[in-house]
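Breakdown of the fold
In case you want the letters, here they are:
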2 protein chains.
Amino acid sequence: MAKSTRDALLDAAEQLLDAGDTDAVTLREVGRLAGLSHNAPYKHFASKEVLLAAVAARELRRRRDELAAALERDEQPEEALRGALARYAEWAIAFPARFKLIYGRWTIAVPSELADAAHAASQQLIATVAAVQERGGLPAGDPERLTALLRATAHGAADLTLAGHLSPDGKGRADATGLVNDLLSHLAANQPGRQQP
Amino acid sequence: MAKSTRDALLDAAEQLLDAGDTDAVTLREVGRLAGLSHNAPYKHFASKEVLLAAVAARELRRRRDELAAALERDEQPEEALRGALARYAEWAIAFPARFKLIYGRWTIAVPSELADAAHAASQQLIATVAAVQERGGLPAGDPERLTALLRATAHGAADLTLAGHLSPDGKGRADATGLVNDLLSHLAANQPGRQQP
DNA sequence: ACCTGAACACCGTTCAAGT
DNA sequence: ACCTGAACACCGTTCAAGT
């Protein structure tokens, strides 16, 4: 059960990341928090960026597993989809540094660990969207493309919220979750046999 | 007509920013590119972040003016809106470092220069959305909120493209502009008197 | 008013040893 | 196999002068 040194270093890096941004993650402080010397990280990671990529990959794996559990939990795909998108935005707003790290630019080759976890999460969401389409809750069409639209909206709403360009206090709670719900309502209303009130 | 030293420093910073990210903007190189010493920037900007904020504010002013000109140029508000959103995404993808700088986190108080230019651009877009709503090209409702939805989608689609999470080569050109057009089509179809083909 | 040059603390990274 | 400590180049920032 003893935590490996590698995990201790990842924990330290994550803690510093959450307290600031990638600049706040100094290898010296990572080593210190793990009770080691200033360059112990180099015995486990080739560079600072490789360490950050491991932090990002671990977080992405957590989120993929959490998404899978939530999708299994919800019986109605409509609610499962709405919940997944809302949790995505809430996570981004709660952990902005992790969000910006994962979707930031890498000067090293993007580790396949990262790409694979992202792809797996994507596939889960696409399957849910397809299920809602079959039940008539979303317009027909390529589910991958419709999923991309939904993700883009949740992603952009979260990022604009972090930048202070969305007024959560303003009229009609136009926060990130509200915008995602607006989109889902517009799409649901746009169905044969359904009409806007 | 001689360019001020201040402008030369801003140009140098922008050039370094476009070639990399904010880390690539070193005050020493900014000074060198402007033909000055390594700490000449401190005679014009209190810190590196204040310099970057000035770069961001200048870019945001340019974009606000460009948006105003484009909105004046187009006669149909539908096309003006579609063009404005497409140009937003294209700009983000062409100048990722400027995009990430403007919507990134500031540890200094966000300069009012920045907030004002962003607000002005926002108001222009809201007016266009309202015009399209009046012509029946978009669902009724708070135009500010509907504009936020459109912006969030364009913003998120661009950011996901930069992260490599959108496949522009895949089926049905699901690139950033394609997703924005999808959203506009879904919203336009969701109107009384209009039906999906 | 604007600029230079030396100096300081900090950081990523490398290297030679240590066990 | 994993870790330490010294060392190097680089960076943001400060300060004492210079014109």
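Just above sits the structure.
The paragraphs below set out a description of the structure included in this document. Per chain, residues are indexed from 1 in the order of the written sequence. For this description, chains carry letters from A and ligands carry numbers from 1, given in the order in which they are written. In view of the model being predicted, local features appear only for residues whose pLDDT reaches at least 70, and side-chain atom pairs are presented and counted only at 80 or more, with totals across whole chains, interfaces and linings using the full set of residues. Side-chain numbers here rest on the full set of heavy atoms in the structure, without hydrogens or water.

1. Observations concerning the pattern of salt bridges
Any two side chains of opposite charge can pair, given that their charged atoms come close. Residue and element names in this part refer to chain A. Just to be clear on terms, a salt bridge is a Lys or Arg side-chain nitrogen sitting within 4 Å of an Asp or Glu carboxyl oxygen. Under the criterion given, the structure shown has 29 salt bridges over all chains. When the shortest N-O distance is used, the salt bridge between Arg 98 and Glu 59 registers 3.0 Å. In this pair, Arg 98 is assigned in helix H5 (residues 96–102) and Glu 59 in helix H3 (residues 48–73), connecting sequence segments 39 residues apart. For the residue pair Arg 98 and Glu 59, the accessibility class agrees, reading buried in each case. Each helix corresponds to a stretch of at least 4 residues labelled H or I by DSSP, and each strand to a stretch of at least 2 residues labelled E; elements are numbered beginning at the N terminus. Relative accessible area decides the class of each residue, using a 1.4 Å probe on protein chains only: under 20% of the type maximum gives buried, over 50% gives exposed, and in between gives partly exposed.

2. Examining the relation of the copies chain A and chain B
Both copies of the chain are related by one operation, a rotation about an axis with a shift along it. For these two chains of identical sequence, chain A goes onto chain B by a turn of 180° and a shift of 0.0 Å along the axis, with RMSD 0.0 Å. Such a combination of turn and shift is consistent with a two-fold rotation axis. Whether two residues are in contact is decided by their heavy atoms, any of which lying within 4.5 Å being enough. Same-surface contact between copies: 100% of interface residues of chain A are shared with the interface of chain B. A residue counts toward the fit only if its pLDDT is at least 70 in both copies, and the copies are then superposed by least squares on the C-alpha atoms of those residues.

3. Observations regarding the protein's contact with DNA strand D
We define proximity as follows: a residue is near a molecule or strand when any one of its heavy atoms falls within 4 Å of that partner. In the vicinity of DNA strand D lie 18 residues, with Ser 37, Asn 39 and His 44 of chain A together with Arg 28 and Tyr 42 of chain B positioned nearest. When the atoms of DNA strand D within 4 Å of the protein are grouped by moiety, sugar and phosphate amount to 42% of the total. One of the backbone N or O atoms of Leu 27 of chain B is found 3.0 Å from a phosphate oxygen in DNA strand D. One of the side-chain nitrogen or oxygen atoms of Arg 28 of chain B is found 2.4 Å away from a base nitrogen of DNA strand D. Just so you know the grouping, Ala, Val, Leu, Ile, Met, Phe, Trp, Tyr, Cys and Pro go in nonpolar, Asp, Glu, Lys and Arg go in charged, and all remaining residues, Gly too, go in polar. Each residue belonging to the surface near DNA strand D can be placed in one class, and the counts come to five nonpolar, nine polar and four charged. By the criterion applied in these results, polar contacts are pairs of N or O atoms within 3.5 Å in which, for protein atoms, one can donate a hydrogen and the other can accept it, and in which residues neighboring in sequence qualify only through two side-chain atoms.

4. Things to note about the packing of H3 of chain A against helix H4 (residues 77–94) of chain A
Residues and elements named next belong to chain A. Between N-to-C directions, angles span 0 to 180 degrees; the directions come from axes that are lines fitted to C-alpha atoms, helices contributing only their stretch in contact. Relative to each other, H3 and H4 sit at 155°, their axes nearing to 10 Å. Of the possible angle classes, the one that applies to H3 and H4 is roughly antiparallel. Considering how the two elements wind past one another, H3 and H4 form a crossing that is right-handed. Residues Glu 59, Arg 63, Glu 66, Leu 67, Ala 70 and Leu 71 of H3 lie in contact with H4, whose contacting residues are Ala 80, Ala 84, Arg 87, Tyr 88 and Trp 91. Tallied by class, residues from the contact of H3 with H4 come to seven nonpolar, no polar and four charged. Throughout this description, any angle smaller than 35 degrees is read as roughly parallel, any larger than 145 degrees as roughly antiparallel, any in the 65 to 115 degree range as roughly perpendicular, and the remainder as oblique. Handedness of a crossing follows from how the near helix is turned relative to the far one, being left-handed for an anticlockwise turn of less than a right angle and right-handed for a clockwise one.

5. Examining the packing of aromatic side chains
Pairs were defined over the aromatic rings of Phe, Tyr and Trp, the Trp ring being its six-membered one, requiring ring centres within 6.5 Å. Orientation was assigned from the angle between planes: stacked under 30 degrees, edge-to-face over 60, tilted for the rest. One pass over the structure, following the stated rule, counts eight aromatic pairs over all chains. When the centroid spacing of 6.4 Å and the interplanar angle of 75° are considered together, the rings of Tyr 88 of chain B and Tyr 103 of chain B count as edge-to-face. With a gap of 15 residues between them, Tyr 88 of chain B in helix H4 (residues 77–94) and Tyr 103 of chain B in the loop between helix H5 (96–102) and helix H6 (112–134) connect regions that are remote in the sequence. When sorted by exposure, Tyr 88 of chain B lands in the same class as Tyr 103 of chain B, which is buried. One aromatic cluster is present, built from ring pairs that chain together Tyr 88, Trp 91, Phe 99 and Tyr 103 of chain A. Two limits define a charge over a ring: the Lys NZ or Arg CZ must be within 6 Å of the ring centre, and within 35 degrees of the ring normal. A cation over a ring is seen here: Arg 98 of chain A above Phe 95 of chain A, with NZ or CZ 4.0 Å from the ring centre.

All quantities given are derived from atomic positions and should not be read as evidence of function.
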